[in-house]
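The primary structure of each chain is shown beneath.
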Protein chains: 2
Amino acid sequence: MTSKRFAEATEENLQRIFTIPEDPDSTLARIEQEVSYNLDGFLRANIVAVEKPLSEIEKDFLDSRVPEKPQFVSDIADELLDKLVAQSVHTSSPSFIGHMTSALPYFLLPLSKLMVGLNQNLVKIETSKAFTPLERQVIGMMHRMAYGSTRGSEKENDQFYQTVMHSADASLGAFCSGGTVANISALWIARNTLLAAQGSFKGVAKEGLYRAMMHYGYQRLVVLVSERGHYSLGKAADILGIGRQDIVTIPTDENNKIRIDLLKEKILQLKSENAGIMAIVGVAGTTETGTVDPLTSMAEIAQRYNIHFHVDAAWGGATLLSNNQRHKLAGIEQADSITIDAHKQLYVPMGAGMVLFKDPHSTDVIEHHAEYILRKGSKDLGSHTLEGSRPGMSMLLFACLKVMGQTGYEMLIDRSINNAQYFADLIASEPDFELVTEPELCILTYRYVPKVVKDYMAICSQEDKEIINELLNDLTRFIQKKQRESGKSFVSRTRLTPKAYNGQTITVFRCVLANPLTTKQILADILQEQKEIAQESWRSLPAILKRIGNA
Amino acid sequence: MTSKRFAEATEENLQRIFTIPEDPDSTLARIEQEVSYNLDGFLRANIVAVEKPLSEIEKDFLDSRVPEKPQFVSDIADELLDKLVAQSVHTSSPSFIGHMTSALPYFLLPLSKLMVGLNQNLVKIETSKAFTPLERQVIGMMHRMAYGSTRGSEKENDQFYQTVMHSADASLGAFCSGGTVANISALWIARNTLLAAQGSFKGVAKEGLYRAMMHYGYQRLVVLVSERGHYSLGKAADILGIGRQDIVTIPTDENNKIRIDLLKEKILQLKSENAGIMAIVGVAGTTETGTVDPLTSMAEIAQRYNIHFHVDAAWGGATLLSNNQRHKLAGIEQADSITIDAHKQLYVPMGAGMVLFKDPHSTDVIEHHAEYILRKGSKDLGSHTLEGSRPGMSMLLFACLKVMGQTGYEMLIDRSINNAQYFADLIASEPDFELVTEPELCILTYRYVPKVVKDYMAICSQEDKEIINELLNDLTRFIQKKQRESGKSFVSRTRLTPKAYNGQTITVFRCVLANPLTTKQILADILQEQKEIAQESWRSLPAILKRIGNA
C-alpha cells in the first residue's frame, strides 16, 4: 500500500474539482476506459475470483472518522479498485444465475453518465422540464402494455392516453427506486381508498387509521396473498399500520399458485369477522419459483367482493412484452395496480421500479401539495409519489424500449424462458439431480440427490425420508456456499415446502435465467461443478449413505 | 426530422447490444465525450435557453405505444439530444440558484459509470459484497460526525464504532433514495418504538395500529414540528397511519424557528388529552428559509417527556462538516434519528439520502427477514431498510468524503454561507428590494418592492398595506416566471407568513446559494434582471403605483 498523499484544501483546488475533468492519463480515466470498452474484461480482471471472508473485507472499511484532509482522486480510484471493486460481485456474469441481475445493454453506460451529468430532479418540473413529460410517456407505454387490451381498439387507446397521459389531475403510475416502494405505494392507495372520506369522516389520510377503523367499524384490515408473496408485503403492512400478522397468506397448490378455493373461503370467513379486506395481491413471478398466480380467477373474486386487486409483477411484468408469453399473465389487465421493476427483466440498472394504476384518478387519495412546489394544478410528478426528489432513471427505460423495441424484448424474454426450460430438462435428465420446481417464467429450483439416495427414498419409511431430507438440506447449503466461494459461478438457495415432500421444508438451489449471455455450456458446467463439490465433500453425503446402509 | 430507421431484432444484434460498446465515432460516444470533458459547455450548447411552454414539449412525448421495432442507438441518442436534453434544466448552472441542486465534482461522472457497470444491489451481501462494508463505513462516518461529541474521547469513539459498525445486529443508519424515505423510516421507528410489544400485545409491527392504540389507550398519535417542517412529514403521517391532521404544527418566531414555549404548552395539552406523542421533529435547514430550530432546547423537552426526537437535516446536515458552522446545529447530537441528504450539500448526484440512528439497536422494531435473503444473523443491509433493492450510491459519497476531506467540505459550506450573507447584504442595500428572511445557512428569501412603494407602505393604513402586498405577490410571481422563461437564471418562489407582515401571506423569491461556482457578479446580475423585468412589465406595478397615487 502506498502511503497516503494529501491534497491542499484551497479555493483553487476546489474550483478545479468542480470544473476540470480528470486527466486522460489518470487512474480514474483509465478505469473508465476499461469499463467503457470492455466491461466484462474489466470486471474479470479486477474482481478477485476466490471469495474472501466478509470479516477480512471489513478490515478495509474500519475507520469511522471522516478523513480530515483531501486526497487525490487518483489515489481514491486506486483504493476503490483494490478494496471495493476487487471484492465486488460480478452480477452481470453469465454464470451468476442466482439472483435477478443480468448483463445490461452497453449503451446504458454512456446514457447513465448523461443522466448524472444532467442531474435532473423528477419531483417537480422546475428541476426536470422535459424529463417530466418523458417519464409520463414511459409510464403511459407501460400502462398501455398492461391495460391496453381492456379497451376495444387501438383508436380508443390512442384517445384515452392522449387525454390522460399528460394531464395534471391524472396519474397512470409512478416511477420509484424499486419494487418495494412500488408495492407500498399500491397498498397505500388501496388502504386510503377503502378508508376514504365519508360523511363527516375526512378519510384515513387526514384522520389516521385509528379513527378510520372506528368510523368504518372494522376489527382489522387484511391483505390476502399466496404464501409465496414477496417479503416486502409484510414490510408494507408494518409501515401502513395494518400489522404483519394481517398479511393473510393463502396456501398454494403443487405448482406454487394460490389456491383459489381457499382464497374464497378465507374472504367469506374474514367478511363474517368484520375485517376490512384492503387488497388481494396476485404474484406474477414469485421471487423464489417464478410462478404466476391465476390472475383471471383472482380478478373475478376481487371484483365480486369489491376488493382492490394488486399484482406484484416486479419480476414477471416484462413478460408482457412477449406476444408468445404474455398469455401467462392473463388477467393482469384487470388489476387495480401493478408493480413492475425496470431493473429486473427490463434490463435497466439498479434503482428503477414503477407502479401502474388502472384508474388514473386512483391517486387522488394520496395527493399532496406544498407551497414552493407541487402546487395544485401543477403537473409536478411529486404530488403523487411516495418518494420526493428522484433521479431521471426513466430516461434509461425510455431508451431501452426504443432501442430494443417490443420485438427485441420479446426475443430476450423468450430466450430466458427457453433457457430455463432447457436447464430444467437437463436437470431432470441427470440421475443425480432432482428438479423441485418447473420454470413457468425463467426461474427454477432443484437440488442434488445422488441416484442411490433417490432410489432409497422411493421405498423407505416417511421417518427415514425426513431424516434424509434434513441431511440433503445440509448438503445443498454446503454446495451452494462452496460454489459461491470458489467464484466461478453462483446459484442462490432458498427454502420451500413442496407438496411432494409432505410439507417438509426443503432447501433448494434457485436459478434465475435472465442473462442473455448465459449459454447451455455454462449451465452444464454449473451442474458438473456442483456434482464435483458434492462428491469431494465429506460433510453430509457420507452420513446419508451411512443412513441408507444402516436401513 | 429524419425518418425512423429500424434495426432488425436478430439474436446477433441482441448479443451485440449486450457485448459491444458504442463505436467511438457514434453519436452517443460523441455526447459522452462532451459530457466527460466539458459538461457545462455541453449543457449550454444543447439546452435551449428560452423556455418552451410545457404543452409544446409534451408534443414530443405523445406516443403511448411501446415501439414495435428496434431503433438504432445513434438515432435514439439524437432524439434524446433534440427533444430531452434541449428541454432539460441546467441544474448545475451557477445562475440556477432556485433549488437545492448544484454543480457536482467532476470525478463523480466516471465513478457513476463504474457504479452502473458494477450494478451491485445493496439489499444483500450476495449481490454487493464489499459494497456492504463500504456502506456501513460511510454511515459510520456520518454517524460519528453527528454523534461523536456525545462520547468522551476519540478513543471511546474508535471503540464504539469498532464494535457496532459492522455488527449483524446493529444498524447506525440506512442509505436510501432521498430525504422523504429517510423521514418516513425515522418516524416508522419512532412509531414502532412508542407502540412496542408489551405483555400479550405483540407490538404495532405485528398487530397493526388499531390494536396498538387500544392496547396503549391513546386517542390519537401526533408528531410535533414547526410550521416550516417539510411536506414529506405530512406524507409520512399519511403512510404510517397517523393521519395528516396529526402532524401538529407549532408556530415559529420572527426568525422562523419553532416557538419553544408553544411547543411545551402543546405537549402538556396533548398529554392531558391522552394523545401518544410519537416524535418531535426539529428542522436543521428548513426548505424554504434554511433556518435551524433551537435543537438543544427541543432535545431537552423530548428527553423530559421521553419522546422520540428526530432532526430533519436533509438540507443542513452537511453543515456539521464545517468546524466554523457546526455550532449552528448544536443539539443535533441528542437526536434519536437524523435525516441527511447526500444529494444536497454533500454534492452527490440525485438519489442519495440517509437516516442515522443514535441507538444502533433502535432498528430492532422494524427488522424483517426472508427465506432467500436477509436471513437472521446475516449482515444484509436489507433487513433494516424501507427499500429493498438499492444501487451502490454510497460509493459516490465515500469517494467525495475522501477527495474533499472534512476541510474541503468546510470550505464549501463556509463559502455557501458567506455567499448567502453577501447576497443578503446586497439585497438590503438595494433601495428597490426587500430582504424577507436572513440566511442562517445558505438560503434566503426576498422580494422586489420599489422604494416609492416601500416609503408609502411605511405610512399607509393596514388595509392599504394588505392590498399592496397582494399586488406585490402578483408581481413577484410574474418576475419569477418571466426570469425562468428567459432562461439566463433561475430563482424559485414560495409563500411565507412573516411576523413583520401581520401574518399576511407573502410571495417571495427563494435562493439557495450552494453552488460553489456562483459568483458575486452572477448575484448582482440576477437582481438587475429582476429589476428590469419589473420595470418593463405593465402588469402589477402600474396598479400598485396607481393605488399609491389614489391614496
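Residues numbered from 1 in each chain as written. Chains lettered and ligands numbered in written order. Predicted model: local features only at pLDDT ≥ 70, side-chain atom pairs only at ≥ 80, totals over all residues. Heavy atoms only, no water.

Draft legend 1. Region of the structure containing the overall build of chain A. Regarding its fold elements, chain A presents 19 helices and eleven strands. The principal-axis extent of the C-alpha atoms belonging to chain A is close to 75 × 75 × 45 Å. Split into buried and exposed, the 551 residues of chain A put 66% on the buried side. Of the contacts formed within chain A by residues at least 6 apart in sequence, a portion of 70% connects residues at least 24 apart. Counting every atom, chain A has about 19,000 Å² of accessible surface; 49% of that belongs to carbon and sulfur. In chain A, the 59 positive side-chain charges and the 66 negative ones have mean positions that sit 3 Å from each other. (Helix = DSSP H or I, 4+ residues; strand = E, 2+ residues; numbered from the N terminus. Buried < 20%, exposed > 50% of the residue type's maximum accessible area, 1.4 Å probe, protein only. Contact = heavy atoms within 4.5 Å. Areas by Shrake-Rupley, 256 points an atom, 1.4 Å probe, with all protein chains shown as cover. Lys, Arg positive; Asp, Glu negative; His and termini not counted. Charge placed at Lys NZ, Arg CZ, Asp CG, Glu CD.)

Draft legend 2. Region of the structure containing the pairing of strand 11 (residues 506-512) of chain A. All names here are of chain A. The element strand 11 is extensively covered by neighbouring structure, given that seven of its seven residues are classed as buried. Side chains Ile506, Val508, Arg510 and Val512 of strand 11 all project onto a buried face; the interleaved residues Thr507, Phe509 and Cys511 project onto the opposite face, where all are buried too. With four bridges joining them, strand 9 (residues 443-448) and strand 11 adopt antiparallel strand pairing. Looking at the pairing, tyrosine 446 lines up with phenylalanine 509 of strand 11. Inspection of the sheet shows strand 10 (residues 492-496) paired to strand 11 by five bridges, in the antiparallel sense. (Pairing = 2+ DSSP bridges.)

Draft legend 3. Fine view of the sheet that holds strand 4 (residues 275-283) of chain B. Residue and element names in this part refer to chain B. Pairing within the open sheet is mixed, and its seven strands lie in the order 1-7-6-5-4-2-3. With one partner strand each, in any of the chains shown, strand 1 (173-176) and strand 3 (247-250) form the two edges of the open sheet. Averaged over neighbouring strand pairs, the angle between their axes works out to 20 degrees when direction is ignored. Contacting strand 1, strand 6 (337-341) and strand 7 (353-357), helix 7 (residues 131-147) crosses the sheet at an angle of about 60 degrees to strand 7. (Axes fitted to C-alpha atoms, helices over the stretch in contact; angles between N-to-C directions.)

Draft legend 4. Representation of the environment of glutamine 120 of chain B in the model. Relative to the elements of secondary structure, glutamine 120 of chain B occurs in the loop between helix 6 (108-118) and helix 7. Apart from the residues within four sequence positions on either side, glutamine 120 of chain B is in contact with Ser88, Val89, Thr91 and Met350 of chain A together with Thr127, Ser128, Phe131, Arg390, Pro391 and Gly392 of chain B. A polar contact is formed between the side chain of glutamine 120 of chain B and the backbone oxygen of valine 89 of chain A, at a distance of 2.6 Å. From its side chain, glutamine 120 of chain B meets the backbone oxygen of leucine 118 of chain B in a polar contact 2.8 Å long. (Polar contact = N/O pair within 3.5 Å; in protein donor to acceptor, adjacent residues only side chain to side chain.)

Draft legend 5. Broad picture of the nonpolar core. One finds Leu397, Phe423 and Tyr446 of chain A to be the most contacted residues of the largest nonpolar core, which totals 145 residues. Ranked by the residues each element gives to this core, the list is headed by helix 15 (residues 394-429) of chain A, at 18 residues. Counting 144 residues, the second largest nonpolar core, distinct from the first, contains Met393, Val512, Leu527 and Ala534 of chain B. (Core = buried A, V, L, I, M, F, W, Y, C linked by side-chain atoms within 4.5 Å.)

Draft legend 6. Spotlight on the side chain of threonine 476 of chain B. Residues and elements named next belong to chain B. Tracing the chain through its elements places threonine 476 in helix 17 (residues 462-486). The exposure class assigned to threonine 476 is buried, which follows from its relative accessible area of 1%. Once residues within four sequence positions are removed from consideration, threonine 476 is found in contact with Arg447, Thr507, Val508 and Phe509.

Draft legend 7. Layout of helix 16 (residues 451-459) of chain A. All names here are of chain A. Burial in helix 16 covers these residues: Val453, Tyr456 and Met457. The buried side chains of helix 16 occupy one side of the element, clustering within an arc of 100 degrees when seen end-on. Exposed residues lying more than 90 degrees from the buried face of helix 16 are Ala458 and Ile459. (Arc of directions from axis to C-beta.)

Draft legend 8. Structural view of the relation of the copies chain A and chain B. Of the two same-sequence chains, chain A is brought onto chain B (RMSD 0.0 Å, axial shift 0.0 Å) by a rotation of 180 degrees. Read as a symmetry element, the transformation amounts to a two-fold axis. When you check the interface residues of chain A against chain B, 100% turn up at the interface there too, and the contact is symmetric in its surfaces. (Least-squares fit on C-alpha atoms with pLDDT ≥ 70 in both.)

Draft legend 9. Fine view of unusual backbone geometry. One non-glycine residue, asparagine 274 of chain A, lies in the positive phi region at around 65 degrees. Residues other than glycine seldom take positive phi values, yet asparagine 119 of chain B does so here, at roughly 45 degrees. With respect to the helices, strands and loops of the structure, asparagine 119 of chain B is situated in the loop between helix 6 and helix 7.

Draft legend 10. Representation of the interface of chain A and chain B. At the junction of the two partners, chain A supplies 172 residues and chain B supplies 172 residues. For the chain A and chain B pair, buried surface summed over both sides reaches about 15,400 Å², with 64% attributable to carbon and sulfur atoms. When residues of chain A are sorted by the area they lose upon contact with chain B, Phe18, Tyr210 and Tyr372 of chain A head the list and together hold 6% of the total. Where chain A packs against chain B, one counts twelve salt bridges. Aspartate 238 of chain B is the salt-bridge partner of arginine 191 of chain A, the closest N and O atoms lying 3.1 Å from each other. On inspection of chain A and its partner chain B, the count reaches 70 residue pairs in polar contact (both at pLDDT 80 or more). By residue number, the principal contributor to the side of chain A that touches chain B is helix 15 of chain A, which donates 14 residues. Its residues assigned to classes, the side of chain A that touches chain B shows 84 nonpolar, 46 polar and 42 charged. (Buried area = accessible area lost by both parts, 1.4 Å probe. Salt bridge = Lys/Arg side-chain N within 4 Å of Asp/Glu carboxyl O. Nonpolar A, V, L, I, M, F, W, Y, C, P; charged D, E, K, R; others polar.)

Draft legend 11. Representation of the sheet that holds strand 8 (residues 433-437) of chain B in the model. All names here are of chain B. The strand order 8-9-11-10 describes an open sheet built from four strands, whose pairing is antiparallel. At either end of the open sheet lies a strand with only one pairing partner, and these are strand 8 and strand 10 (492-496). Between one strand axis and the next, the sheet turns through 40 degrees on average, direction left out of account. Along the sheet, helix 15 (residues 394-429) makes contact with strand 8, strand 9 (443-448) and strand 11 (506-512), crossing strand 9 at roughly 20 degrees.

Draft legend 12. View of the pattern of salt bridges. Residues and elements named next belong to chain B. Enumeration over the complete set of coordinates arrives at 53 salt bridges over all chains. Linking glutamate 32 and lysine 113 is a salt bridge whose minimum nitrogen-to-oxygen distance equals 2.3 Å. A residue pair is termed long-range when its members are at least 10 positions apart, and glutamate 32 in helix 2 (residues 27-37) and lysine 113 in helix 6 qualify at 81 residues. Neither glutamate 32 nor lysine 113 differs from the other in exposure class; each is buried. Here arginine 484 and glutamate 51 are joined by a salt bridge, their closest N and O atoms 3.0 Å apart.

Draft legend 13. Molecular detail of the packing of helix 6 (residues 108-118) of chain A against helix 15 of chain A. Residues and elements named next belong to chain A. As a packed pair, helix 6 and helix 15 sit with axes 10 Å apart at the nearest point and diverge in direction by 145 degrees. For the pair helix 6 and helix 15, the sense of crossing is right-handed. Between helix 6, through Leu108, Leu111, Ser112, Leu114 and Met115, and helix 15, the contact on the second element is made entirely by Met395, Leu396, Ala399 and Cys400. (Left-handed = near helix turned anticlockwise from the far one by under 90°.)

Draft legend 14. Just the packing of aromatic side chains, in detail. All names here are of chain A. Taken as a whole, this structure holds 21 aromatic pairs over all chains when the rule is applied. Aromatic side chains phenylalanine 96 and phenylalanine 490 sit 4.6 Å apart centroid to centroid with 25 degrees between the ring planes, which places their arrangement in the stacked category. Taken together, the residues phenylalanine 96 in the loop between helix 5 (73-84) and helix 6 and phenylalanine 490 in the loop between helix 17 (462-486) and strand 10 connect sequence positions 394 residues apart. The pair phenylalanine 96 / phenylalanine 490 is uniform in exposure class, with both members buried. An aromatic cluster is present here, built from Phe423, Phe433, Tyr446, Tyr448 and Phe509 joined pairwise through their rings. Stacked on the ring of phenylalanine 160, the Lys or Arg arginine 151 has its end atom at 3.8 Å from the ring centre. (Phe/Tyr/Trp six-rings, centres within 6.5 Å; stacked < 30°, edge-to-face > 60°. Lys NZ or Arg CZ within 6 Å of the ring centre and 35° of its normal.)

Draft legend 15. Fine view of the environment of glycine 388 of chain B. By the secondary structure assignment, glycine 388 of chain B is in the loop between strand 7 and helix 15. Along the primary structure glycine 388 of chain B and glutamate 79 of chain B are separated by 309 residues, whereas in three dimensions their C-alpha atoms are 33 Å apart.

Draft legend 16. Representation of the environment of glycine 382 of chain A within the structure. Within the secondary structure layout, glycine 382 of chain A lies in the loop between strand 7 (353-357) and helix 15. Glycine 382 of chain A sits 15 residues away from glutamate 367 of chain A along the chain, and the two C-alpha atoms are 9.1 Å apart.

Draft legend 17. Spotlight on the confidence of the model for chain A. Per-residue pLDDT for chain A averages 94, and the proportion of residues at 70 or more is 98%. Model confidence for the complex is summarised by a pTM of 0.97, with the ipTM given as 0.96. (pLDDT = per-residue confidence, 0-100.)

Draft legend 18. Quick peek at the pairing of strand 1 (residues 173-176) of chain A. All names here are of chain A. Alternating residues of strand 1 divide into Gly173 and Phe175 and Ala174 and Cys176, and every residue in both groups is buried. Across four bridges, the pairing between strand 1 and strand 7 is antiparallel. Within strand 7, the position partnered with glycine 173 by the bridge is leucine 356.

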